[in-house]
Amino acid sequence: PPLATGRVRPASPPFAPSGRIAAMAATVDMRVLPNLPGYSLPQEKERHPRGQTFNQVNGVRMELSGGERPKFVKAIRPVETWRTGSLPDSHTRATFKQAGAEDGLQQCELPAWDAFDRHVLRFYGYFKEAVVESNLENSRVRNVVIYYYLEDDTCHVIEPREDNSGIPQGQLLRRHRFPGNHGSSGYLKPEDLRVGEDLSVYGKTIKITDADPFTRSYFEQAGMPQGTAEAAEADAFRRTREAMKENSALAPRSYEKIYREVMLGGGHINADMQQFLENDRKVLRFFAIMDDLQTPQFERRPFILLYFLADDTVEIREMYPLNCGRDNFPIFFRKGKLAIGDYKVMGPQAQPRPRKDFVDGRNWSVGMTITLLTNNRFFLYDADDFTREYFANELGTELGPRIDVTLPERAVTRAQTPPYTGYGTWDDSMSSVTHLIPKPPQKDFVKLFQHEGKILRAKARFANPKAEDVDRVFVISYFMQDDCVSIHEPPQRNLGIVTGRFLEKAVHVNQLTGKFFTPDDLVPGGSVKVYNHEFHILDVDEYTRKLFENPNHQFNTYDAESVLQKLRESMRQQFPLVRDVFRRFDKDHDGVVSAGEFKECLEKFGFANLPEDFVLGLMKNFDGCRDGQISYNEFCDALLDEDFPVGMLKTKAPVDSRPDPDFAERASYKVVERSETAAVRKAVIALGNIVAKRENMLTRIIKEFRHITHEDVATLEQVSSVLLATGNKMDLEDLERAATHLMPTVDLNRIPYVELFRLVKTTFHDVPACR
């Protein structure tokens, strides 16, 4: 009989076939046999290629499933980022930029998932549901919200949850593509959703009553404005629920009323049930701390104490700080009755305790220390708004203000620096103290640059000389650029002692003071001691005397005109373009050259240690508008000559190097203003990097705020402590700069932290960095 695969099972031959016949049967190709009726042979494929679905459409790489072209929409072309510099655009590029431009706007096609990402249309509506099991109502109105996602034309419908409704609410229809409205072919489109019309989907008819502002603006831009909002119908059940919330008994329940009802034979109420009905969902919340002394390191643990007025139960929750090292079990004591005093485990046959033996949260107050669970002492330092209102209105007691329980930061004591051994320089010895692997000490190049060539010389003798050393004279040289000291003995006739270098140039310690040599040690009449040799200072040279009288005295004189001409020529030879020269000296890239940057420019071209008045006088010749800073246009005017002179080549105006106190004040003000602007920009960018560049950091920050305060506002110190708890340290000054920049009218003692960090995240890309 034939097999299930269509092949014929051969009958068993009466004798074994020969080897030749078996070989011929094995080489028969079954695919060349004719298709007999009722029999089919398997079709074997020789090649198994896989289809290519990854392609590039309009410059966007995407996956095309089944060869179907995805949905594309027209959008405004983004701003051109091509930089041509000072050169004009080519003819081809200029033509390409203007191609397809209508009314100055260029359009392009983008995939819908890119152009409409997170663009959702939201409609409000309701549908009626028949009620057959009640004689009080025939139908019930159920409000729904319809979401239409423009990126992939999918929808989903949810029903807002209502308390004690008894109806399964939430997501009614999961997100997918809905069929066409009223049984039309295809799928649901945005134009099928209109305010005031019906939407039929899967046998339900939803009446659309309203849309959110984004949805209305979207349809207005598309030329299809939505209709006016309509009020949703109210059924009998909803009207009854609203009346229960608004209407109340004519006379409130009191003890006298209960007594009268009992005397009349009624009013026997269940006290526990009445307490539950009156105080359901009313919870007293206190914030407390517990000083944990059982751990090797002292720890202050924050808690929340909840007292439920409905059944007089207590729940204790621990607020874990981030990275506290504890297991994440926030329930310190599960909700239940909490006995006063020692906590005892009661058996099933134990007598129930009276109500007075249990904790009553109405007796708590801010500033109180309570002992719960045998030996756990909780200090109550704050309460929420509802608790304060309940104590004030129901109990007639005002709770105290919030108590600050934050611990001061621990000051880490620094190890004492060991004394200088005298071997090598002091910087070399300190590198072995400050680094595990000693590094070469860094030189103070600013000091080297400012005091280059300044040498103080003093004449000295031995303080207690021997007989043969009475006539010996020494010259002590102090180098201000690196604080080195050298002692030289000038030659004398018939002295009998080899003169010359007495002490090699190096950093030495004055043994009389125990510190390194300073210029004050060379005052005439004083004494110094080095390597057990004490010297008495006799006199100083003229240069040293003038420098002692006026430390800012300038011994060199400069010609302002010559300096300015040399500065112009040096700048022209620096770069071929003036723009590059300006950007070279504009260190912070803020578009202007300040007084400090101009002084660095002079030092670069060899004009170091110039007087401050002289520098400001040169800068005034560059600053055309006299505002204390040099802009790019002013820099070009001072550096370049006129391009197309009409007459003879004009010469630059003579240099006015006279001191100008007003200009000096404006220049210093601009320096301070620019530095503060840079500090504000740096602070805002640093705060934005914390929130915007780290996933879930904003959630962690808000969670940490909930741990330290129950209010929606916080102080500047609390914001700093929250950032420090999440592993992000910022100075208070930087936080103040960022907060006042984002919220100029904010009170630093009441900062709405949710709004602050929302502004930080939304304006992160609006704060440009200096390029």
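Residues numbered from 1 in each chain as written. Predicted model: local features only at pLDDT ≥ 70, side-chain atom pairs only at ≥ 80, totals over all residues. Heavy atoms only, no water.

Draft legend 1. Geometry of the overall build of the protein chain. When its secondary structure is counted, the protein chain shows 21 helices and 29 strands. When the 771 residues of the protein chain are sorted by exposure, 30% land in the buried category. A fraction of 52% describes how many contacts in the protein chain between residues 6 or more apart in sequence connect residues 24 or more apart. Element-wise, carbon and sulfur atoms account for 52% of the exposed surface of the protein chain, whose accessible area totals about 52,000 Å². (Helix = DSSP H or I, 4+ residues; strand = E, 2+ residues; numbered from the N terminus. Buried < 20%, exposed > 50% of the residue type's maximum accessible area, 1.4 Å probe, protein only. Contact = heavy atoms within 4.5 Å. Areas by Shrake-Rupley, 256 points an atom, 1.4 Å probe, with all protein chains shown as cover.)

Draft legend 2. Broad picture of the confidence of the model for the protein chain. Looking at the protein chain as a whole, its pLDDT mean stands at 81, while 85% of the residues score no less than 70. Across residues 1-17, confidence stays below pLDDT 50; counting only partners more than four residues off in sequence or on other chains, it has nine contacts. (pLDDT = per-residue confidence, 0-100.)

Draft legend 3. Expanded view of helix α18 (residues 697-708). Taking 1.5 Å of rise per residue, the twelve residues of α18 would be expected to cover 16 Å, and the 17 Å separating its terminal C-alpha atoms lies within 8% of that figure. Within the span of α18, buried status applies to Met697, Ile701, Glu704, Phe705 and His707. Angular distribution of buried residues about the axis of α18 spans 155°; they occupy a single face of the element. Turning to α18, the residues buried within the fold contact α17 (661-692), β28 (713-714), α19 (716-725) and α21 (753-762). (Expected span 1.5 Å × (residues − 1). Arc of directions from axis to C-beta.)

Draft legend 4. Representation of the pattern of salt bridges within the structure. In this structure the tally under the stated criterion is 34 salt bridges. Across the pair arginine 122 and aspartate 212 runs a salt bridge whose closest N-O atoms are separated by 3.5 Å. You can see arginine 122 sitting in strand β6 (residues 120-130) and its partner aspartate 212 sitting in the loop between β11 (204-211) and α4 (213-221), a full 90 residues away along the chain. Ionic pairing is found between aspartate 312 and arginine 355, a salt bridge with its closest N-O pair at 2.7 Å. In this pair, aspartate 312 is assigned in the loop between β13 (299-308) and β14 (313-318) and arginine 355 in the loop between β15 (331-336) and β16 (369-372), connecting sequence segments 43 residues apart. Classification of aspartate 312 as buried rests on a relative accessible area of 9%. Judged by relative accessible area, which is 54%, arginine 355 ranks as exposed. Among the charged side chains, a salt-bridge network with shared partners connects Asp272, Asp312, Arg355, Asp360 and Arg362. (Salt bridge = Lys/Arg side-chain N within 4 Å of Asp/Glu carboxyl O.)

Draft legend 5. Structural detail: the nonpolar core. Judged by nonpolar contacts, the single largest core of 29 residues is most densely connected at Leu567, Met571, Phe598, Leu602, Phe622 and Phe635. Counting residues per element, the ones that place at least two in this core are α12 (560-574), α13 (578-585), α14 (595-604), α15 (612-622), α16 (632-639) and α17. At six residues, the largest contribution of residues to this core is made by α15. Once residues lying within four places of it in the same chain are set aside, the contact partners of leucine 602 are Leu567, Phe607, Leu610, Val615 and Leu618. With 28 residues, the next largest nonpolar core counts Ile690, Met697, Leu742 and Val746 among its residues. (Core = buried A, V, L, I, M, F, W, Y, C linked by side-chain atoms within 4.5 Å.)

Draft legend 6. Structural view of the pairing of strand β10 (residues 198-201). Residues of β10 alternate between two faces, with Leu199 and Val201 buried on one and Asp198 and Ser200 left unburied on the opposite face. Both β10 and β11 contribute to a ladder of four bridges, which runs antiparallel. Along β11, the bridge assignment pairs serine 200 with threonine 205. Between the end of β10 and the start of β11, which pair antiparallel, lie two residues, with tyrosine 202 showing a positive phi angle near 55°. (Pairing = 2+ DSSP bridges.)

Draft legend 7. The arrangement of the side chain of glutamate 315 in detail. Within the element layout of this structure, glutamate 315 appears in strand β14. For glutamate 315, a relative accessible area of 9% translates into the label buried. Of the polar contacts made by the side chain of glutamate 315, one reaches the side chain of arginine 317; its length is 2.6 Å. Apart from residues lying up to four places away in sequence, glutamate 315 is in contact with Ile304, Leu305, Leu306, Phe308, Ile331, Phe333 and Lys335. (Polar contact = N/O pair within 3.5 Å; in protein donor to acceptor, adjacent residues only side chain to side chain.)

Draft legend 8. The arrangement of unusual backbone geometry in detail. Phi at asparagine 494 is positive, roughly 55°, even though this residue is not glycine. Here asparagine 494 lies in the loop between β20 (484-489) and β21 (500-506). Residue class for asparagine 494 comes out exposed when judged on its relative accessible area of 78%. Look at tyrosine 531: it is not a glycine, yet its phi comes out positive at around 50°. Tracing the backbone through its elements, the reader meets tyrosine 531 in the loop between β24 (527-530) and β25 (533-540).

Draft legend 9. Region of the structure containing a nonpolar patch on the surface. A surface patch of nonpolar side chains, about 300 Å² in accessible area, is lined by Met273, Phe276 and Leu277. Structurally, phenylalanine 276 can be placed in helix α7 (residues 271-279). (Patch = residues over 30% accessible without salt bridge, like charges linked within 9 Å, V, L, I, M, F, W, Y side chains within 5 Å.)

Draft legend 10. The arrangement of the sheet that holds β16 in detail. An order of β15-β14-β13-β12-β17-β16 is seen for the six strands of this open sheet, with the pairing classed as antiparallel. For this open sheet the edge positions go to β15 and β16, each flanked by a neighbour on one side alone. Sheet twist, expressed as the mean angle between neighbouring strand axes with direction ignored, is 30°. As defined by bridge partners, strand β12 (residues 283-292) adjoins β13 across ten bridges and the pair is classed as antiparallel. (Axes fitted to C-alpha atoms, helices over the stretch in contact; angles between N-to-C directions.)

Draft legend 11. View of the packing of aromatic side chains. Per the counting criterion, the structure on display carries 22 aromatic pairs. On the numbers, 5.4 Å between centres and 75° between planes, the contact of phenylalanine 582 with tyrosine 632 is edge-to-face. In this pair, phenylalanine 582 is assigned in helix α13 and tyrosine 632 in helix α16, connecting sequence segments 50 residues apart. Take tyrosine 632: its relative accessible area is 32%, and that puts it in the partly exposed class. With a centroid separation of 4.1 Å and an interplanar angle of 10°, the aromatic rings of phenylalanine 705 and tyrosine 753 are classed as stacked. Pair noted here: phenylalanine 705 is in helix α18 and tyrosine 753 is in helix α21, with a separation of 48 residues, a long-range link. (Phe/Tyr/Trp six-rings, centres within 6.5 Å; stacked < 30°, edge-to-face > 60°.)

Draft legend 12. How the structure looks around α21. Taken as a whole, α21 has its buried residues at Tyr753, Leu756, Phe757, Leu759 and Val760. Within α21, the buried residues cover an arc of 155° as seen down the axis, which keeps them to one side. Its buried side turned inward, α21 meets α17, α18, β28, α19, α20 (732-742) and β29 (751-752).

Draft legend 13. Quick peek at the packing of α18 against α21. Where α18 meets α21, the axes come as close as 11 Å, and the angle between the chain directions of the two elements is 165°. For the element pair α18 / α21, the angle class is roughly antiparallel. Note that α18 runs across α21; the crossing there is right-handed. In this structure, α18 uses Leu698, Ile701, Ile702, Phe705 and Arg706 to contact α21, whose residues at the interface are Tyr753, Val754, Phe757 and Lys761. (Parallel < 35°, antiparallel > 145°, perpendicular 65-115°, else oblique. Left-handed = near helix turned anticlockwise from the far one by under 90°.)

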